[in-house]
Amino acid sequence: MKERKKIIIDTDCGSDDAMAIAMALNDERYEVIMITTVSGNVRLKQATANTLTTLKVNNSYYPPVYEGCNDMLVRDWVGAAETHGNDGMGDLDLVDYSLKPQEGHAVLKMLEALRDAPADTIDVIALGPLTNLALAIKLEPETMKKVDKIVIMGTAGLGIGNVSPVAEFNIWQDPEACKIVLDSGIDPVYFVGWDACLGDAMLNAREIEEIRNGSEIGKFCIDSNIVLMDMNRDRFGENCLDMADPAAMAAALYPECIDKCEKYFCQVETNSGLSYGGVLVDFYHFSGKQENAYICSKLKADMYKDYIFRNLKVR
Ligand code: RIB
Ligand code: CA
């Protein structure tokens, strides 16, 4: 049996994070060695409770969950209640608050795991603001360079922003953290853009029903996205789900489903103003600067969705 690839998931566990976490836990080629939590969609304690609840409902194995940063590096926390609900999971009383995380700070536990492991044996997959990763880089830059790769749900990819004309939520919530990641020299760093989960990658009404009716974890993952689904029904006139974190998780664990992914020089805007938190992608290499990150802007929708169905135990 081929040894399972080790991964660390860093999450601000809202409802789309929950689906991505379940997909990772159910892909037997990978071992989630820990889950670290951070404020983002919701505050840290809620993100932790949502993560622990997802592990309980998925009921496969239970990686240690460690709490990380409650505050962003510089700017105030904002959250995304309008998209995920106040509890991040649709405000349906799905969350079990009796579950507790392990002792130890997420940043220190992430560094410990990477320090003690051979280089290039652990991937880090970030589904929320990059605050934990940025602090880990600041504390022990050479330890963080031992990561095999970092895959981030973040940036608008080659498209438009979802919280401003140019910014995607995870980066916009802590742009200074993203700058630390981009300037770290860690290679490769992949950003799966917001655009990768749009268009034909959106889950349609039939697919949503199939997932909801296909397994207990599938029902949990759909129900917890009720706020987003209601918002989309108003916006698009039908049930559909743009699942950003599942897109990033699929790109990370099943790269065969990637359609477009190229390396560019990328720069995050940390000056205040309308472009704050936007990530500039030097598509035509005008800057002449060394490319520092991959931008995954499109997935092969059928393969991506099949990966979701399989790893939510629907098919
Ligand atoms: O912009 C989408 C991202 O912001 C997703 O990770 C979602 O969970 C929120 O964190
Ligand atoms: Ca997230």
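Preceding this section is the structure that the text describes.
None of the values given here were measured: they were computed from a predicted structure.

## A look at the site of ligand 1
Part 1 of the reasoning: Around ligand 1 sit 13 residues in total, of which Asp12, Asp16, Glu168, Asn170 and Asp245 are the nearest.
Part 2 of the reasoning: Contacts to ligand 1 include asparagine 170, whose side-chain N or O atom sits 2.8 Å from an oxygen atom.
Part 3 of the reasoning: For ligand 1, an oxygen atom lies 2.6 Å from a polar atom in the side chain of aspartate 245.
Part 4 of the reasoning: Notes on ligand 1: free accessible area 270 Å², of which the protein chains cover 96%.
Part 5 of the reasoning: Of all elements in the fold, only α1 (15–25), α7 (169–173) and α12 (244–253) reach the threshold of two or more residues within the shell around ligand 1.

## Concerning the coordination of the calcium ion (ligand 2)
Part 1 of the reasoning: Taken together, Asp12 (OD), Asp17 (OD), Asp17 (OD), Leu127 (O) and Asp245 (OD) make up the full set of protein donors to the calcium ion (ligand 2), lying 2.2 to 2.6 Å away.
Part 2 of the reasoning: Of note, the donors binding the calcium ion (ligand 2) are all from one chain and are spaced D-x4-D-x109-L-x117-D. Here leucine 127, found in the loop between β4 (122–126) and α5 (131–139), pairs with aspartate 245, found in helix α12; they are 118 residues apart in sequence, far enough to count as distant. Pair check on accessibility: leucine 127 and aspartate 245 agree, each one buried.

## Some points on a nonpolar patch on the surface
Part 1 of the reasoning: A contiguous nonpolar patch, built from Leu158, Phe283, Tyr284 and Phe286 and spanning about 500 Å² of accessible area, is present on the exposed surface.
Part 2 of the reasoning: Relative to the helices and strands, phenylalanine 286 resides in the loop between β9 (279–281) and β10 (293–299).
Part 3 of the reasoning: Since its relative accessible area comes to 73%, phenylalanine 286 is described here as exposed.

Conventions we followed
- Residues numbered from 1 in each chain as written.
- Chains lettered and ligands numbered in written order.
- Predicted model: local features only at pLDDT ≥ 70, side-chain atom pairs only at ≥ 80, totals over all residues.
- Heavy atoms only, no water.
- Near = heavy atom within 4 Å.
- Polar contact = N/O pair within 3.5 Å; in protein donor to acceptor, adjacent residues only side chain to side chain.
- Areas by Shrake-Rupley, 256 points an atom, 1.4 Å probe, with all protein chains shown as cover.
- Helix = DSSP H or I, 4+ residues; strand = E, 2+ residues; numbered from the N terminus.
- Donors = N, O, S within 2.8 Å, 3.2 Å for Na, K, Ca; no water.
- Buried < 20%, exposed > 50% of the residue type's maximum accessible area, 1.4 Å probe, protein only.
- Patch = residues over 30% accessible without salt bridge, like charges linked within 9 Å, V, L, I, M, F, W, Y side chains within 5 Å.
- Salt bridge = Lys/Arg side-chain N within 4 Å of Asp/Glu carboxyl O.

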